[in-house]
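Examination of the molecular architecture
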Amino acid sequence: MWKAFIARTAQVGPDGKMTREMKALLAATAGTLLGLLLQVVAVSTNSWLLLELPPPPANGDTARLVRWRGSRLSPNATGRQLITAYTGLWSLCRVELVRELRQDGSIAESEHTECEAHNLFPSEKEIQRNKDYDQHHLDYTRTAIAFTIIALFITTIGHCFAFYALRRPRYIIKRLAALLHFMTAACLLVLNEVFVKTVEHEKENMPERIPRDATTTYGYSFILSWIVFVIFVLAGMVFLLHSHKRKAKYADNNDAVEDEPMHLGRP
């Protein structure tokens with residue numbers, strides 16, 4: 001199917017081989033299609049940020065040991081204790097150590113994973129009652145999700161122009177495709193930077209979400225989003241560099257040729 005599409009749309013030179021420009025545009029379009037797939041994977045997964053709590057310090061470090069025990073369950077206590085967490089654009093997952101008292105008096109330990117979707121529009125009472133909510137944090141989360149949706153929408157339109165540019169290589173279509181690829185990259189840049197600001201805000205102001213002693217690392221979803229950003233920047237440059245005016249030999253006879261001057265007088 002892909003080979004048939006290339007055969008129908010490819011520009012060939014006098015020697016019957018595909019031109020360098022068409023190869024570049026095809027490579028750029030294939031890259032953006034891959035980028036779109038990677039971005040869908042990124043926004044659909046919860047590996048944007050990984051959080052892990054440190055192990056207990058050595059017994060000789062009394063001060064750190066006291067602080068560590070202050071936020072952990074004692075060896076004989078029951079309840080829940082956060083072990084690790086991972087978050088995405090849409091939800092937050094927590095892995096907790098659950099200790100329950102058995103009938104024989106012993107304590108049973110098990111790990112429990114719970115994922116909760118981000119509440120983007122909580123009520124005022126929920127914001128005041130739940131320390132997981134913060135107005136600045138909500139604004140950051142809403143902004144990230146909004147630019148995610150905008151980026152996917154612009155990407156779809158950009159591919160429509162890119163495919164049309166492969167079919168009908170007119171300079172104005174290629175420039176529009178380049179502009180849309182650059183707009184997609186800009187949306188992804190805003191998305192990634194807003195997510196970084198979200199993490200920084202949680203570290204400084206929301207210890208309930210990110211404890212002070214927790215170790216945070218960005219996951220593969222966040223890395224994929226930056227890779228897609230680079231892909232669309234490069235694709236936009238390729239389309240822009242190959243958007244010079246062309247001769248009319250690839251236009252249909254019954255179409256007005258945009259790349260050629262039109263003589264309206266008598267010959």
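Everything numeric here is computed off the predicted structure, so don't read it as measured data. (Residues numbered from 1 in each chain as written. Predicted model: local features only at pLDDT ≥ 70, side-chain atom pairs only at ≥ 80, totals over all residues. Heavy atoms only, no water.)

Remarks on the packing of helix 6 (residues 171–205) against helix 7 (residues 220–241)
The test is simple: Axis definition: a line fitted to C-alpha atoms, over the contacting stretch in the case of helices. Angles run 0 to 180 degrees between N-to-C directions. Only runs of H or I of at least four residues qualify as helices and only runs of E of at least two qualify as strands under DSSP, and these elements are numbered from the N terminus. Between 65 and 115 degrees an angle is taken as roughly perpendicular, under 35 as roughly parallel, over 145 as roughly antiparallel, and anywhere else as oblique. Crossing handedness follows the turn of the near helix against the far one: under a right angle anticlockwise gives a left-handed crossing, and clockwise gives a right-handed one.
Where helix 6 meets helix 7, the axes come as close as 8 Å, and the angle between the chain directions of the two elements is 155°. One element, helix 6, and the other, helix 7, form an angle in the roughly antiparallel class. Every pair of crossing elements has a handedness; the one defined by helix 6 and helix 7 is left-handed.

Observations regarding the side chain of R94
For clarity, the threshold we go by: Burial here depends on accessible area, computed with a 1.4 Å probe over protein chains only, as a share of the maximum for the residue type. Under 20% is buried, over 50% is exposed, and the range in between is partly exposed. Residues count as neighbours in contact if any of their non-hydrogen atoms are within 4.5 Å of one another.
Following the sequence through the fold, R94 ends up in strand 3 (residues 91–101). Accessibility expressed as a relative area gives 17% for R94, which makes it buried. In contact with R94, other than residues within four places in its own chain, are L82, T84, A85, H112, T113, E114, E116, D132 and E208.

A look at the nonpolar core
What counts is decided by this rule: What we call a nonpolar core is a set of buried Ala, Val, Leu, Ile, Met, Phe, Trp, Tyr and Cys residues that are connected through their side-chain atoms within 4.5 Å.
Core analysis: the biggest nonpolar cluster contains 29 residues, and W48, L51, L89, L188, L191, F195 and I210 have the highest contact counts within it. Sorting the residues of this core by element identifies helix 2 (20–44), strand 1 (49–52), strand 2 (79–87), helix 5 (135–167), helix 6 and helix 7 as the ones contributing at least two each. Top element by residues in this core is helix 6. It accounts for nine residues. Other than its neighbours up to four places away in sequence, F195 contacts W48, L49, T87, L89, Y218 and F222. Within the second largest apolar cluster, 12 residues are counted, among which are L26, A165, I173 and A235.

Brief notes about the side chain of S47
If you trace the backbone, S47 turns up in the loop between helix 2 and strand 1. Apart from residues lying up to four places away in sequence, S47 is in contact with T87, G219, Y220, S221 and F222.

Points about a nonpolar patch on the surface
Cut-off, in case you're wondering: A patch is a set of surface residues, each over 30% in relative accessible area and not in a salt bridge, joined within 9 Å for like charges and within 5 Å for the nonpolar side chains Val, Leu, Ile, Met, Phe, Trp and Tyr. Each accessible area is a Shrake-Rupley estimate made with a 1.4 Å probe; only the visible protein chains count as cover when residues are assessed. Each salt bridge in this description consists of a side-chain nitrogen of Lys or Arg and a carboxyl oxygen of Asp or Glu lying within 4 Å of one another.
Where nonpolar side chains cluster on the molecular surface, the patch consists of L34, L37, V41 and Y220 and spans about 370 Å² of accessible area. Position of L37 among the secondary structure elements: in helix 2.

Focus on the confidence of the model for the chain
The test is simple: The predictor attaches a confidence to each residue, and that confidence, scored 0 to 100, is pLDDT.
Averaged over all residues, the pLDDT of the chain equals 78, while 73% of them reach at least 70. Ranking the elements of the chain by mean pLDDT puts helix 3 (residues 62–70) last with 42 and helix 7 first with 96. Within the model, the stretch residues 5–10 combines pLDDT values under 50 with 10 contacts to residues more than four positions away or in other chains. Every residue in residues 56–78 is under pLDDT 50, and counting partners more than four places away or in other chains gives 28 contacts.

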